[in-house]
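Now for the letters of each chain:
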Amino acid sequence: MARHDSNTIIKFADDTTVVGLITDNDETAYRKESQSEKRNKDYSKKDKMSNTDTAASRIGVFQAHGDGEEESKQSSHSCMLSDFDSDPSTDPGSETDPDSEEAESEPELETEPDTHTESATIGPELTELRDIGKGPQTNVYEEESYIRTTHTQPKTEGDLHIHSVLECGSEVMTCQFNNEGTLLAVGLSDGTIKLYSMDNRNFLQTLRDSSSILSSLPVTALRFTLSSQSRCLLLATYASGIVRSWYVWGGECLWGVREVGETGGGEGGGGQRQTLSLSVSPSGEKAATGGSDSAIHLYDLSTHQRLMTCRASSTRTVMDGHSFRVFAVTFHPEMEREFISGGWDNTIQFWDTRQQHSVRMLSGPHVCGDTLQIDPAVNHILSGSWRKDNALEIWDYVSGQKVTEVPHDYQGESKIYTCHWLGQDHIVAAGSQSNMLRVINRWTMTTESRLLGLSSAVFGSSVCPVGKWKGLIAATSGTRVYLLERDGQKHSKK
């Protein structure tokens, strides 16, 4: 099997504008190198960092591969995909490179018995990080290996049960149910998207064109929406900096945009940008994408044109935008013109689609995944942070004040990559270190059930919103997606 090594450089050379349609000629060169490392490793979306230098390594599953580059001072019409230097935030970590592997045949859905224990193939080695020193503005991390036995089995505790398991054949980065609760889209580390039917739980088709095959970089975010003709569309972002709109039932890419980094912005300024996050407005008319250059692009989904680039101003007295990577963007479910965002700079920024700079902010969350969710019923924000302390917090949307925080679980600490509201009474959260998914009572802040014993971190999750599968939880780990149900929400396996 082949993967992108850390020295791999992919260049896109064309003369198009910053926002344009993708053609097969846009991506003209690529190279893959193979290696024999184990593929089932837990790795984070962060670079190893010390006081003297930073390691040029792949930043988790949402990053491209290559050499670190200095920020360009001029805008460019071409884009080079490469690794960037590590996160200069206050709580950095490190990660290991997984192998990217394609299945030789289409995956099948594994239906499991309705018990509290699930078997899985576990890699022999799992790499984690241990914080060995912390100062006011400095963290030093040491890599530590934890050996897991091959007999370790995923299992559940409490009222959570494994309904079934999807074997996807390659590392799973993200997943998303459609708005009707009938489809599940899964984004993989090799740039492939796979669709599954929830009615019969069967694999439907693969979404991948020649340009995504050429790039072979991870899918970073997925969102379903409808076209003006009510066609089912799937928006996808990639670590290559590309945004694509797929016609689900036709299996074709309708349009694509290659995003170029903003000059002077974050780590992708002046040509380099990895698109890391995505959100669609309540009406389905607009979409926002966040990336490695700290900028957020706002699109009109009917014209496929970029409306605005939201970013911080040049003033040093006010922080009215992000200064580092943006890993989460979330529209308010009931406010078409408002959205929030978070990333490595330990802030949540509040935006109005009519303004280029954020209108206000709150400090705290260290966001490294899809971990900003808004409950419109009480106007609360759920935030998840990739850190040991204060990993799960709830904020008041209007005032920006912290409402409460979720205490640690006795099974271990989790650095959060994904979290969601689960109905009106529960929270779903998962991540790395403990490799555990928790279902938490939002009123007592106690864990009611868990998914444990996973071979690698949980990078993505989704909750089925409606229909007969309402409340079903999809959680990614390694090459698998676990479909989880709770007592009182039993679903047929026929």
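Keep in mind the model is a prediction, meaning the values are calculated, not measured.

*Asks:* Even after reading the chapter, I still don't get the packing of aromatic side chains, so can you show me in this structure?
*Replies:* Note on aromatic pairs: each is described by the distance of the centres and the angle between the planes. Under the criterion given, the structure shown has seven aromatic pairs. Members of the aromatic cluster, connected to one another through ring pairs, are Phe 331, Phe 339 and Trp 351. Of note, Arg 244 hangs over the ring of Tyr 238, and the distance from its end group to the ring centre comes to 4.7 Å. Above the face of the Phe 350 ring, Arg 360 is positioned so that its terminal group lies 3.9 Å from the ring centre.

*Asks:* Any chance you could explain the pairing of strand S31 (residues 437-441) here in plain terms?
*Replies:* In summary, the side chains of a regular strand alternate between the two faces of the sheet. Taken across its five residues, S31 has five buried, putting it largely inside the fold. Alternating positions in S31 separate into two faces, Leu 437, Val 439 and Asn 441 on one and Arg 438 and Ile 440 on the other, with burial throughout. Judged from the five bridges that link them, strand S30 (residues 426-432) and S31 form a sheet pairing that is antiparallel. Counterpart to Ile 427 in the pairing with S31 is Ile 440. Two successive antiparallel strands, S30 and S31, enclose a turn made up of four residues, where Gln 433 displays a positive phi of approximately 75°. Pairing analysis gives four bridges linking S31 to strand S32 (residues 447-452), with the strands arranged antiparallel. From the neighbouring strand, Ile 440 faces S32, where its bridge partner is Thr 447.

*Asks:* How should the nonpolar core be read in this particular structure?
*Replies:* Across soluble globular proteins, nonpolar side chains show a tendency to be buried alongside one another. By size, the foremost hydrophobic cluster in this structure holds 19 residues, and its most contacted members are Ile 340, Ile 348, Phe 350, Leu 372, Ile 381, Tyr 397 and Tyr 417. Among the elements of the structure, strand S21 (326-331), strand S23 (347-352) and strand S25 (372-375) are those that each provide at least two residues to this core. In this structure, Phe 350 is in contact with Phe 339, Ile 340, Ser 358, Val 359, Arg 360, Met 361, Leu 362, Ile 381 and Tyr 397, ignoring residues within four places of it in sequence.

*Asks:* Quick question: what am I supposed to make of empty space enclosed by the protein here?
*Replies:* Using a probe with the size of a water molecule, rolled over the atoms, empty space left in the structure can be pinpointed. Here the structure, examined in full by the defined rule, presents four cavities of 30 Å³ or more. Thr 174, Thr 220, Ala 221, Arg 223 and Asp 370 are, among the 22 residues lining the largest cavity, the residues nearest its centre. Counted by class, the lining of the largest cavity contains 12 nonpolar, eight polar and two charged residues.

*Asks:* For this particular structure, what's the right way to read the sheet that holds S31?
*Replies:* Two modes of strand pairing occur in sheets, parallel and antiparallel, and in both the strands are linked by backbone hydrogen bonds. If you trace the five strands from one edge of the open sheet to the other, you get S7-S32-S31-S30-S29, paired in antiparallel fashion. Two strands in the sheet have a free side with no partner beyond their single neighbour: strand S7 (155-157) and strand S29 (415-422). This sheet shows a mean twist of 15° between the axes of neighbouring strands, independent of strand direction.

*Asks:* I tried to follow the sheet that holds strand S26 (residues 380-384) on my own but got confused; where do I start?
*Replies:* Strand order across the open sheet formed by four strands is S25-S26-S27-S28, with antiparallel pairing between neighbours. The sheet is open, and its two borders are formed by S25 and strand S28 (402-405), each paired with just one other strand. Strand-to-strand twist across the sheet, computed as the mean angle between neighbouring axes with direction ignored, equals 20°. Bridging between strand S27 (residues 392-396) and S28 involves three bridges; their strand directions are antiparallel. Following the sheet pairing, Glu 393 is matched in S28 by Glu 405.

*Asks:* I keep staring at the pairing of strand S14 (residues 232-238) and nothing clicks. Help me out?
*Replies:* Among the seven residues that make up S14, seven are buried, leaving the element largely enclosed by the rest of the structure. Burial along S14 is two-sided: the face carrying Cys 232, Leu 234, Ala 236 and Tyr 238 and the face carrying Leu 233, Leu 235 and Thr 237 are both buried. Relative to S14, strand S13 (residues 219-226) runs antiparallel, the two sharing seven bridges. Looking at the pairing, Ala 221 lines up with Thr 237 of S14. Between S13 and S14, which pair antiparallel and follow one another directly, the connecting turn spans five residues, one of which, Ser 230, has a positive phi of 60°. In this structure, the hairpin formed by S14 and strand S15 (residues 242-247) is closed by a connection of three residues, where Gly 241 is found at a positive phi of approximately 90°.

*Asks:* Before we go on, may I ask you to explain the side chain of His 163 in this structure?
*Replies:* Looking at the secondary structure, you find His 163 in strand S8 (residues 160-167). On the accessibility criterion, His 163 (0% relative accessible area) is buried. Side chain to side chain, His 163 and Ser 164 meet in a polar contact 3.0 Å long.

*Asks:* Before we go on, may I ask you to explain the environment of Arg 244 in this structure?
*Replies:* Here Arg 244 lies in strand S15. A C-alpha to C-alpha distance of 4.3 Å links Arg 244 and Gly 256, two positions 12 residues apart in sequence.

*Asks:* Would you take a moment to explain the environment of Thr 156 for this structure?
*Replies:* Within the secondary structure, Thr 156 is located in strand S7. As for Thr 156 and Arg 438, which are separated by 282 residues in sequence, their C-alpha atoms are 9.8 Å apart. A polar atom in the side chain of Thr 156 sits 2.8 Å from the backbone oxygen of Leu 160.

*Asks:* I would appreciate a short explanation of unusual backbone geometry in the present structure.
*Replies:* A negative phi holds for most residues other than glycine; trans holds for most peptide bonds. One non-glycine residue, Asn 346, adopts positive backbone phi at about 65°. With respect to the helices and strands, the residue Asn 346 is situated in the loop between strand S22 (338-343) and S23. In this structure Asn 346 comes out as buried when scored by relative accessible area, which is 15%. Phi is positive for Asn 390, close to 55°, though the residue is something other than glycine.

Conventions adopted
- Residues numbered from 1 in each chain as written.
- Predicted model: local features only at pLDDT ≥ 70, side-chain atom pairs only at ≥ 80, totals over all residues.
- Heavy atoms only, no water.
- Phe/Tyr/Trp six-rings, centres within 6.5 Å; stacked < 30°, edge-to-face > 60°.
- Lys NZ or Arg CZ within 6 Å of the ring centre and 35° of its normal.
- Buried < 20%, exposed > 50% of the residue type's maximum accessible area, 1.4 Å probe, protein only.
- Helix = DSSP H or I, 4+ residues; strand = E, 2+ residues; numbered from the N terminus.
- Pairing = 2+ DSSP bridges.
- Core = buried A, V, L, I, M, F, W, Y, C linked by side-chain atoms within 4.5 Å.
- Contact = heavy atoms within 4.5 Å.
- 1 Å grid on protein atoms, 1.4 Å probe; cavity = no way out; pocket = protein on both sides within 12 Å on 5 of 7 lines; lining within 4 Å.
- Points joined across faces, edges and corners; volume = space filled by probe spheres on them.
- Nonpolar A, V, L, I, M, F, W, Y, C, P; charged D, E, K, R; others polar.
- Axes fitted to C-alpha atoms, helices over the stretch in contact; angles between N-to-C directions.
- Polar contact = N/O pair within 3.5 Å; in protein donor to acceptor, adjacent residues only side chain to side chain.

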